[in-house]
Amino acid sequence: MIPVENNVGVFQNGATWLRADFHLHTIKDKEFEKIPNPNEFIRLFIDKLKEEKINIGVITNHNKFDKEEYNNLYKKAKKEDIWMLPGVELSVNDGANGIHCLIVFDKDSWIKNNDDFINQFLTSAFEGIANPENENTRCNYSLVDLLKKLDEHKQQGRDAFIILAHVEQNSGFFKELDGGRIKFIAENKLFKSFVLGFQKLRTYDQIDTYKQWFGEKLPAFVEGSDCKSIAEVGRAHQQQGVDKKTFVKIGDFNFEALKYALIDSDNRIKPEIPRINNSYIKFVEFEGGKLNGIKISFSPELNNFIGIRGSGKSTILEVLRYTLGIPLTKISADSIYKNELIQYMLGSGGKTTAYIVNRKGEEYRVEKIYGQKEDIFDSNGNLISGITFEGISFDYPVYFGQKDLSNKDADFESDLLQRLIGNKFKQKQEEIDDK
């Protein structure tokens, strides 16, 4: 995916968990509480999102979209690593009181140059209807009609998706429709394509029933503050004293990436940030030698080096291995070449600094000058004397060079098994030895 913007600060370690609010109202909404100085609204709104540590927000005013306000919010938020998406809370003509749908639009295709396809869409939806900005004024479309309209726009290159708002309250999907109607709509292919989330679902004992209607796979469960004042912006709703929040695992501020996260909700949508239990390298810096001034950040999960032959992929891995004191085994291929490569890249006096995190979540700094033993510092910058990586609960990465995995030596298989699962049996072996 091609990034929309360059967001190195947020994503310097790859895909990360960010808090999202899918239901934000602004001062342009008739339900929003007025403030003494409206000119201060943009600043106050973004400050509140920062305070709540929200990095992804969707503007969803009732049946209305203000392009100028959105652009001002977007620009201000961008400076704070907050991604604002355009949207609307549309009341469709279904159920006794209408159903509120949060429509999230792809900014780059719905707001292009001087075109504003969002307001063109809303004008059509409310043709002939007075006072469309009232919260419960229903548009001309039923939910099925809305799906068809959004599909027409998608065919013209304008993508969007739907989060069904406060699904179990008034004007919510489950509140307004009975089981038969829900099952009928859920079987619609366009529903499965466009409806990616339920907001503010609370009766979890009903999930098995919902799964029967939806064929096991439910849209993602997400949260939104549904704010009606500055004080409520980003504020989490509570259930039995517990804040209800949504965190999205995303690798870029990109509409397609957000859609993918919602579709893969089992792995990329969580009510809290999952704890990382494994050791990992946070980033590495080089001083002196051929890599002088280079800094490379790593993900705590999967990392990929992509480059042409001779671009330095193996070099980085070998220097990291050397910095962390990982020895070459007797069956390692090209041992002489690997050691000469490190000497060539670091040279006399070249230094590598690796910032690592152990399995307890504690950070350490490892400095290695070529030809000398590494120094390990704690998070306060204090040198720890006589300590090993095992002593700080840092698990060595399982290392294989480019040619190691194709090694056909007799001892390769046993060495491979030992490195992959050997440590898991270490404690058990010690217990056997004690017996």
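Summarised in this report is the structure supplied together with it. (Residues numbered from 1 in each chain as written. Predicted model: local features only at pLDDT ≥ 70, side-chain atom pairs only at ≥ 80, totals over all residues. Heavy atoms only, no water.)

Before going further, it helps to examine the side chain of Thr246. Topologically, Thr246 is positioned in strand 12 (residues 246–250). Side-chain polar atoms of Thr246 contact the backbone nitrogen of Glu223, separated by 2.7 Å. Contacts of Thr246, omitting those with residues within four sequence positions, involve Leu18, Arg19, Ala20, Phe22, Phe221, Val222, Glu223, Ile269 and Lys270. (Helix = DSSP H or I, 4+ residues; strand = E, 2+ residues; numbered from the N terminus. Polar contact = N/O pair within 3.5 Å; in protein donor to acceptor, adjacent residues only side chain to side chain. Contact = heavy atoms within 4.5 Å.)

A word on the state of the cysteines. Following the criterion strictly, the structure yields zero disulfides and no others. Distance from the sulfur of Cys139, which forms no disulfide, to the nearest cysteine sulfur (Cys101) is 8.2 Å. A relative accessible area of 2% means that Cys139 is categorised as buried. Cysteine Cys227 shares no disulfide, and the gap to the nearest cysteine sulfur, in Cys101, comes to 19 Å. Overall, the relative accessible area of 0% leaves Cys227 in the buried class. (Disulfide = S-S within 2.5 Å. Buried < 20%, exposed > 50% of the residue type's maximum accessible area, 1.4 Å probe, protein only.)

With that settled, consider the nonpolar core. Counting 87 residues, the largest nonpolar core has Phe45, Leu90, Ile103, Phe121, Leu146, Phe173 and Leu262 as the members making the most contacts within it. With residues up to four places along the chain from it excluded, the contact list for Ile103 reads Pro86, Gly87, Val88, Leu90, Phe121, Leu146, Leu150, Ala160, Phe161 and Ile162. One finds Val319, Ala354, Tyr364 and Tyr399 within the second-largest nonpolar core, a separate group that totals 25 residues. (Core = buried A, V, L, I, M, F, W, Y, C linked by side-chain atoms within 4.5 Å.)

In the contact formed by helix 13 (residues 313–323) and helix 14 (residues 335–346), the axes pass within 9 Å of each other and the chain directions differ by 95 degrees. With respect to each other, helix 13 and helix 14 are oriented roughly perpendicular. On helix 14, the residues touching Ser314, Thr315, Glu318, Val319, Arg321 and Tyr322 of helix 13 are Lys338, Asn339, Leu341, Ile342, Met345 and Leu346. When grouped by side-chain class, the residues that make up the contact of helix 13 with helix 14 number six nonpolar, three polar and three charged. (Axes fitted to C-alpha atoms, helices over the stretch in contact; angles between N-to-C directions. Parallel < 35°, antiparallel > 145°, perpendicular 65-115°, else oblique. Nonpolar A, V, L, I, M, F, W, Y, C, P; charged D, E, K, R; others polar.)

Here we come to the packing of helix 2 (residues 41–51) against helix 3 (residues 67–78). Running from N to C, helix 2 and helix 3 cross one another at 50 degrees; their axes reach a closest spacing of 10 Å. With respect to helix 3, the axis of helix 2 lies oblique. Relative to helix 3, the crossing made by helix 2 is right-handed. Every residue of helix 3 that contacts helix 2 at Phe41, Ile42, Arg43, Phe45 and Ile46 is listed here: Glu69, Asn72, Leu73, Lys76 and Ala77. Residues that form the contact of helix 2 with helix 3 fall into these classes: six nonpolar, one polar and three charged. (Left-handed = near helix turned anticlockwise from the far one by under 90°.)

This model, assessed by the stated rule, comprises 26 aromatic pairs. With 6.4 Å between their ring centres and 35 degrees between their planes, Phe174 and Trp213 make a pair best called tilted. Of this pair, Phe174 sits in helix 7 (residues 173–176) while Trp213 sits in helix 10 (residues 207–214); the two residues are 39 residues apart in sequence, bridging distant segments of the chain. By relative accessible area, Phe174 is classed as buried at 12%. When its relative accessible area of 22% is taken as the criterion, Trp213 is described as partly exposed. (Phe/Tyr/Trp six-rings, centres within 6.5 Å; stacked < 30°, edge-to-face > 60°.)

Moving on: the sheet that holds strand 16 (residues 351–357). A sheet is described by the order of its strands in space; here five strands give the open sequence 15-14-16-17-18, paired in antiparallel fashion. Edge strands, defined here as strands with exactly one partner in the open sheet, are strand 15 (295–297) and strand 18 (375–377). Adjacent strand axes in the sheet meet at a mean angle of 15 degrees, parallel and antiparallel pairs treated alike. As defined by bridge partners, strand 14 (residues 280–287) adjoins strand 16 across seven bridges and the pair is classed as antiparallel. Residue pairing across strands places Val284 opposite Ala354, the latter belonging to strand 16. (Pairing = 2+ DSSP bridges.)

Now for the sheet that holds strand 4 (residues 99–105). Taken in spatial order, the nine strands line up as 9-8-7-4-3-2-1-12-13 in an open sheet, and their pairing is mixed. Two strands lie at the open edges of the sheet, namely strand 9 (220–222) and strand 13 (269–270), each paired on one side alone. As paired elements, strand 1 (residues 16–24) and strand 2 (residues 54–59) share four bridges and run parallel to each other. Among the inter-strand pairings, Ala20 is bridged to a residue of strand 2, identified as Ile56. The sheet strands contacting helix 5 (residues 117–125) are strand 3 (83–92) and strand 4, and the helix crosses strand 3 at an angle near 5 degrees.

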